[in-house]
Amino acid sequence: MAEFTMELNEDQRGVRDWIHGFAAEVMRPAAAEWDEREEFPWPVVQEAARIGLYSLDFYAQQFFDPTGLGIPMAMEELFWGDAGLGLAITGTGLAAIGVLTNGTEEQIGTWLPQMYGDANDVKVAAFCSSEPDAGSDVSAMRTRAVYDEAKDEWVLNGTKTWATNGGIANVHVVVAVVEPGLGARGHASFIVPPGTKGLSQGQKFKKHGIRASHTAEVVLEDVRLPGHCLLGGKAKLDERLARARERAGSGGARTHNAAMATFEASRPTVGAQAVGIARAAYEVALDYAQTRVQFGRPVIDNQGVAFQLADMRTRIDAARLLVWRASWMATAGKPFTSAEGSMSKLFAGETAKAVTAQAMQILGGNGYTREYPVERMHRDAAIYTIFEGTSEIQRLVIARTISDVPIR
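Caption draft 1: Representation of the side chain of E77 within the structure. Within the secondary structure layout, E77 lies in helix 4 (residues 70–81). Those residues in contact with E77 that lie beyond four places of it in its chain are R16, I19, H20, A23 and R279.

What follows is the structure, encoded as structure tokens:
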């Protein structure tokens, strides 16, 4: 187990600088165009694949970094480049985490390569959990998966919403209800292979921010899946459901939930993305304050502006430390006894929202225009207090964890 450190080693610094170069030279020049177009930026993802940045091998190397800092370091640099393009490049990762968290070794080996494709034939994947009436309240999920024992097939029906890469993905990972009486305990995750009949894209959402990232509904109509598409397998599911029934009857502890396991594993990663956005906005504001002259002197000479920048930098560094701590703990196998994963996502998301707003204020009227990137960064940051667990849900998770009380 690697000791916790705040110093990147030589290899990590090399990877960071390589990603930073891609973000500066490829992502930033393209960011405004794809934000305006509101289309998936296939050419940018293709370029990331060409240099090995968008690949299963790259993310595996970072995921297995013994310090735990590989993934958050990579996320921060990419989202420093641009959040919409960053999500287009990294959005497949949530589906990949879903398979890694819940799948067998055979399923991991089979499906993860198909999620990314290769440099000549780029693919993406989608994780489908939220529904029109079930966002934060996963127990309200209605998408059903019914087992056809005679054919060893699962039949899925329902509608998913807010799915990153939904409908354009090569592989979809879908969370569905297998035993309604157990609420959130009765969920399971399924692989929907490419070309499966009955899956279609519904509404594509026109969003406030992260516009280069494709977000849409996914409609499932009598989607029939072979038994081996159940992540973890039938025997493991039956065992888990039996435990859930027993605990439900005795009022015991909660059991594993497929969607929540995926989100808990990804929260520090999302926090790192928010840190990247905040850092980018802070750097623009700092440069502007140092070069913008008003009343015969740079505006940073004014205490009101300088103190804002001091607060911005302090929050960014604090957010990064929370993200790094949670990432290191997860890699080291240390339990989140105080909901450290949720802490990192909560504070980093709130930081991105606050820092980008402060950056707009420092730039004044210029910050409100699309001539400067902080307007886009502010729009992009807004989602980080909403998706993959709202700030309110993160606070609920933290409060329940530190109090051991089922706070509602």
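Still to come is the rest of the account.
Caption draft 2: Summary view of the nonpolar core. Counting 109 residues, the largest nonpolar core has Y54, L78, I89, M115, F190 and I191 as the members making the most contacts within it. Broken down by element, this core gets its largest block of residues, 13 residues, from helix 9 (residues 258–291). Residues in contact with M115, not counting those within four places in the same chain, are Y54, T92, A95, A96, V99, K123, V124, A125, V171, V173 and I191.

Caption draft 3: Summary view of the packing of helix 1 (residues 10–37) against helix 12 (residues 374–381). At a minimum axis distance of 11 Å, the contact between helix 1 and helix 12 shows a crossing angle of 65°. With respect to their mutual orientation, helix 1 and helix 12 come out roughly perpendicular. When the axes of helix 1 and helix 12 are compared, the crossing they make is left-handed. Mapping the contact onto sequence places R28, A31, A32 and D35 in helix 1 and R376, M377 and R379 in helix 12. Here the residues of the contact of helix 1 with helix 12 sort into three nonpolar, no polar and four charged.

Caption draft 4: Geometry of the environment of Y384. Position of Y384 relative to the elements: it lies in the loop between helix 12 and helix 13 (391–403). For Y384, a relative accessible area of 1% corresponds to the buried category. Separated by 371 residues in sequence, Y384 and R13 have C-alpha atoms that sit 26 Å apart. With sequence-adjacent residues up to four places away left out, Y384 is seen in contact with F79, L87, V270, Q273, A274, I277, K345 and G349.

Caption draft 5: Inspection of the packing of helix 2 (residues 42–50) against helix 5 (residues 83–90) at higher detail. Interaxial distance between helix 2 and helix 5 falls to 10 Å at its minimum, and their mutual angle equals 60°. Relative to helix 5, helix 2 is oriented oblique. With respect to the hand of their crossing, helix 2 and helix 5 are arranged in right-handed fashion. Counted together, V44, V45 and A48 of helix 2 and L85, A88 and I89 of helix 5 form the full contact between these two elements.

Caption draft 6: Quick peek at the side chain of T215. For T215, the position within the fold is in strand 9 (residues 215–226). Exposure remark for T215: the relative accessible area of 6% places this residue in the buried category. Excluding residues that lie within four positions of it along the chain, T215 makes contacts with W162, A163, Q203, K204, F205 and K207.

Caption draft 7: Representation of unusual backbone geometry. Positive phi, normally seen in glycine, also occurs at E38, with a value near 55°. Relative to the elements of secondary structure, E38 occurs in the loop between helix 1 and helix 2. A positive phi is found at F295, a non-glycine position, where the angle reads about 55°. Positionally, F295 belongs in the loop between strand 10 (293–294) and strand 11 (297–298). Note on F295: relative accessible area 84%, which makes it exposed.

Caption draft 8: Representation of the packing of aromatic side chains in the model. The final tally for this structure, using the stated rule, is 12 aromatic pairs. An angle of 25° between the planes, with centres 4.1 Å apart, marks the rings of W162 and F205 as stacked. Here W162, found in strand 5 (residues 153–164), pairs with F205, found in the loop between strand 8 (199–204) and strand 9; they are 43 residues apart in sequence, far enough to count as distant. For W162, a relative accessible area of 52% translates into the label exposed. Arranged with centres 5.0 Å apart and planes meeting at 80°, the rings of Y384 and F387 form a pair that is edge-to-face.

Caption draft 9: Spotlight on helix 5. Within helix 5, eight of the eight residues are buried, leaving the element largely enclosed by the surrounding structure. Listing the buried residues of helix 5 in full gives A83, G84, L85, G86, L87, A88, I89 and T90. Of the residues flanking the start of helix 5, the one acting as N-cap is D82, its side-chain oxygen 3.2 Å from the backbone nitrogen of G84.

The rules behind each value
- Residues numbered from 1 in each chain as written.
- Predicted model: local features only at pLDDT ≥ 70, side-chain atom pairs only at ≥ 80, totals over all residues.
- Heavy atoms only, no water.
- Helix = DSSP H or I, 4+ residues; strand = E, 2+ residues; numbered from the N terminus.
- Contact = heavy atoms within 4.5 Å.
- Core = buried A, V, L, I, M, F, W, Y, C linked by side-chain atoms within 4.5 Å.
- Buried < 20%, exposed > 50% of the residue type's maximum accessible area, 1.4 Å probe, protein only.
- Axes fitted to C-alpha atoms, helices over the stretch in contact; angles between N-to-C directions.
- Parallel < 35°, antiparallel > 145°, perpendicular 65-115°, else oblique.
- Left-handed = near helix turned anticlockwise from the far one by under 90°.
- Nonpolar A, V, L, I, M, F, W, Y, C, P; charged D, E, K, R; others polar.
- Phe/Tyr/Trp six-rings, centres within 6.5 Å; stacked < 30°, edge-to-face > 60°.
- Polar contact = N/O pair within 3.5 Å; in protein donor to acceptor, adjacent residues only side chain to side chain.

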